[in-house]
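Spelled out from the first residue to the last, the chains are:
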Amino acid sequence: MAAVLFSAAAAAQPAAPCAGLPGGRHSLLERMTAQFGLTGEQELKIEPLLHGEESVTKPLLKFTSLSQEERQRIMLAVRRQIRGLLTEGQQKGMDAEVASVSTTSGGKKAGGKKSAGKKTVEPTPGIPGEENLSQAIVAYAALNPEERKTMLLTVKQAARNDSALQLTADRQKQLDTEIKDLSK
């Protein structure tokens, strides 16, 4: 899903290697570099942020109770920290890309199919998916307290309202309590 925020044309362009980073191991960073013209210094700052972002996006992609719009809101919030490292021109490019993704149906760009051979993300069924995502949101340092609270509330509500989860009465009560606490 994180790759959705970058055009297919940018993915086809090879990025100039940055001193200090091994090439070929940071495909999203390489696409960002090609699309936005990142400097080596920006790459060195952004690369660890992408790893932190991945700690949220992996469980986000596996948690099936959220709508596409809810997933996209969370993705954009975790991307905020990277935006702050971009120049004004690069920010405009990122904003335009985000806007184009936000206005397409289902949050996917037209023609933005993933290449064949890419691994698909297997969903983590039930409550473990909610718990994994909640833990990742709590641990993600790039979120401010209000964003963290809002995201946790969204995840808990989605789990509570997902009839496919077949929650026990105890788990329903626990989620209800967590939702009430987060709503304060």
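A. Structural detail: the overall build of the chain. Secondary structure assignment for the chain yields 8 helices and 0 strands. A separation threshold of at least 6 residues defines the contact pool for the chain, and within that pool the share at least 24 residues apart is 64%. Accessible area for the chain stands at about 10,300 Å²; split by element, carbon and sulfur atoms hold 54% of it.

B. Representation of the packing of helix α7 (residues 145-161) against helix α8 (residues 169-183) within the structure. The N-to-C vectors of α7 and α8 enclose an angle of 150°; their axes lie 9 Å apart at closest approach. Considering the angle they form, α7 stands roughly antiparallel to α8. Crossing handedness for the pair α7 and α8: left-handed. Counting all contacts with α7, which are made through Lys-149, Leu-152, Leu-153, Lys-156, Gln-157, Ala-159 and Arg-160, the residues of α8 involved are Gln-172, Leu-175, Asp-176, Glu-178, Ile-179, Leu-182 and Ser-183. Here the contact of α7 with α8 is composed, by residue class, of 6 nonpolar, 3 polar and 5 charged.

C. How the structure looks around the nonpolar core. Counting residues in hydrophobic clusters, the biggest one holds 24 residues, and the most contacted among them are Val-56, Phe-63, Leu-66, Ile-74, Leu-133, Ile-137 and Val-155. Counting residues per element, the ones that place at least two in this core are α3 (40-62), α4 (68-83), α6 (126-139), α7 and α8. It is α7 that provides the largest number of residues to this core, a total of 6 residues. Residues contacting Ile-137, with those up to four places away along its chain left out, are Val-56, Leu-143, Arg-148, Met-151, Leu-152 and Val-155.

D. Molecular detail of the pattern of salt bridges. What the rule picks out here adds up to 11 salt bridges. Salt-bridge contacts for Arg-83 lead to Asp-95; the nearest nitrogen and oxygen are separated by 2.6 Å. Residue Arg-83 is located in helix α4, and its partner Asp-95 is located in helix α5 (residues 88-102); the two are separated by 12 residues in the primary sequence. Take Asp-95: its relative accessible area is 33%, and that puts it in the partly exposed class. Glu-130 is the salt-bridge partner of Arg-171, the closest N and O atoms lying 2.3 Å from each other. Residue Arg-171 is located in helix α8, and its partner Glu-130 is located in helix α6; the two are separated by 41 residues in the primary sequence. What makes Arg-171 buried here is its relative accessible area of 9%. Several salt bridges converge on common partners, so that one network encompasses Glu-130, Glu-131, Lys-156, Arg-171 and Glu-178.

E. Up close: α7. Here α7 spans 24 Å end to end across 17 residues, near enough to the 24 Å set by a 1.5 Å rise per residue. Residues Glu-147, Arg-148, Met-151, Leu-152, Leu-153, Thr-154, Val-155, Lys-156, Ala-158 and Ala-159 constitute the buried set of α7. The backbone nitrogen of Glu-146 lies 3.0 Å from a side-chain oxygen of the residue at the head of α7, namely Asn-144.

F. Quick peek at the confidence of the model for the chain. In the predicted model, the chain carries a mean pLDDT of 77, and the fraction of residues at 70 or more is 71%. At the level of individual helices and strands, the chain shows its lowest average pLDDT in helix α1 (residues 8-12), which scores 43, and its highest in α8, which scores 94.

G. Structural context of the environment of Leu-153. The topology assignment puts Leu-153 in helix α7. The contact partners of Leu-153, leaving out residues within four places of it in the chain, are Ile-179, Leu-182 and Ser-183.

H. Seen up close, α8. Over its 15 residues, α8 runs 21 Å from end to end, which matches the ideal 21 Å to within 8%, given 1.5 Å per residue. Those residues of α8 not exposed but buried are Arg-171, Leu-175, Ile-179 and Leu-182. Considered in projection along α8, the buried side chains sweep an arc of 75° and stay on one side of the axis. Structural note: α8 exposes Ala-169, Asp-170, Lys-173 and Lys-180 on the side pointing more than 90 degrees away from its buried face.

Quick notes on the rules
Residues numbered from 1 in each chain as written. Predicted model: local features only at pLDDT ≥ 70, side-chain atom pairs only at ≥ 80, totals over all residues. Heavy atoms only, no water. Helix = DSSP H or I, 4+ residues; strand = E, 2+ residues; numbered from the N terminus. Contact = heavy atoms within 4.5 Å. Areas by Shrake-Rupley, 256 points an atom, 1.4 Å probe, with all protein chains shown as cover. Axes fitted to C-alpha atoms, helices over the stretch in contact; angles between N-to-C directions. Parallel < 35°, antiparallel > 145°, perpendicular 65-115°, else oblique. Left-handed = near helix turned anticlockwise from the far one by under 90°. Nonpolar A, V, L, I, M, F, W, Y, C, P; charged D, E, K, R; others polar. Core = buried A, V, L, I, M, F, W, Y, C linked by side-chain atoms within 4.5 Å. Buried < 20%, exposed > 50% of the residue type's maximum accessible area, 1.4 Å probe, protein only. Salt bridge = Lys/Arg side-chain N within 4 Å of Asp/Glu carboxyl O. Expected span 1.5 Å × (residues − 1). Polar contact = N/O pair within 3.5 Å; in protein donor to acceptor, adjacent residues only side chain to side chain. pLDDT = per-residue confidence, 0-100. Arc of directions from axis to C-beta.

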